[in-house]
Amino acid sequence: MKEKETIKCRRCGKCCLANLIAYVTAEDWERWKRQGREDIIHIIENQQAVWAGDHFVSAKDGKYLHGCPFLVREGNRYTCTIYETRPRVCRDYIPGSSELCPQYRNK
Ligand code: SF4
Ligand code: SF4
């Protein structure tokens, strides 16, 4: 049987423009507390996104959000600034597994 080809992430950042942070779990929260990551907790508490029809806004002040607050651009690629402790939903995301990803293949 032919093994399924592994698709390599191109770091285009598109999946991180979705509201993945909305899927933070109690496990993530506990880990960040254990790790003393008040920086992450503070950002999530203050920048939690809500869908405003065609874009995300901050639940706190209604400010326009362009995607995950932990996503930064480096040249023509994007990087997760909390990669080592990113939420479970992000760790479980398989490149190419959804239409969100430019490498999506419906097979
Ligand atoms: S936490 Fe990191 S991997 Fe997850 S959506 Fe944000 S930038 Fe992307
Ligand atoms: S959308 Fe696909 S290629 Fe782009 S960052 Fe996400 S997994 Fe990588």
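Presented here is a report on the structure given in the accompanying data block. Note that the structure is a prediction, hence the values are computed from the model and not measured.

Time to look at the overall build of the protein. The helix and strand tally for the protein stands at three helices and five strands. In the protein, the order of α-helices and β-strands from amino to carboxyl end is α-α-β-β-β-β-β-α. Looking at the protein as a whole, 27% of its 107 residues are labelled buried. Pairs at least 24 residues apart make up 57% of the contacts formed inside the protein by residues separated by at least 6 positions.

A word on the site of ligand 2. Taken together, Cys9, Arg10, Arg11, Cys12, Gly13, Lys14, Cys15, Tyr93, Pro95, Cys101, Pro102 and Gln103 make up the full set of residues near ligand 2. Per-class residue counts for the shell around ligand 2 are seven nonpolar, two polar and three charged.

Turning our attention to the pairing of strand β5 (residues 77–80). Alignment of strand β4 (residues 71–74) against β5, held across four bridges, turns out to be antiparallel. From the neighbouring strand, leucine 71 faces β5, where its bridge partner is cysteine 80.

What follows covers the packing of aromatic side chains. Counted by the stated rule, this structure contains one aromatic pair. Its end group placed over the ring of tyrosine 83, arginine 86 keeps NZ or CZ at 3.8 Å from the ring centre.

For the rest of this paragraph, the subject is the environment of arginine 37. Summarising the element assignment, arginine 37 is placed in the loop between α1 (26–34) and α2 (38–47). With a relative accessible area of 19%, arginine 37 lands in the buried category. For arginine 37 and isoleucine 82, which are 45 residues apart along the polypeptide, the C-alpha to C-alpha distance reads 9.9 Å. In contact with arginine 37, other than residues within four places in its own chain, are Trp32, Ile82, Glu84 and Thr85. Of the polar contacts made by the side chain of arginine 37, one reaches the side chain of aspartate 39; its length is 3.0 Å.

Rules and cut-offs
Residues numbered from 1 in each chain as written. Chains lettered and ligands numbered in written order. Predicted model: local features only at pLDDT ≥ 70, side-chain atom pairs only at ≥ 80, totals over all residues. Heavy atoms only, no water. Helix = DSSP H or I, 4+ residues; strand = E, 2+ residues; numbered from the N terminus. Buried < 20%, exposed > 50% of the residue type's maximum accessible area, 1.4 Å probe, protein only. Contact = heavy atoms within 4.5 Å. Near = heavy atom within 4 Å. Nonpolar A, V, L, I, M, F, W, Y, C, P; charged D, E, K, R; others polar. Pairing = 2+ DSSP bridges. Phe/Tyr/Trp six-rings, centres within 6.5 Å; stacked < 30°, edge-to-face > 60°. Lys NZ or Arg CZ within 6 Å of the ring centre and 35° of its normal. Polar contact = N/O pair within 3.5 Å; in protein donor to acceptor, adjacent residues only side chain to side chain.

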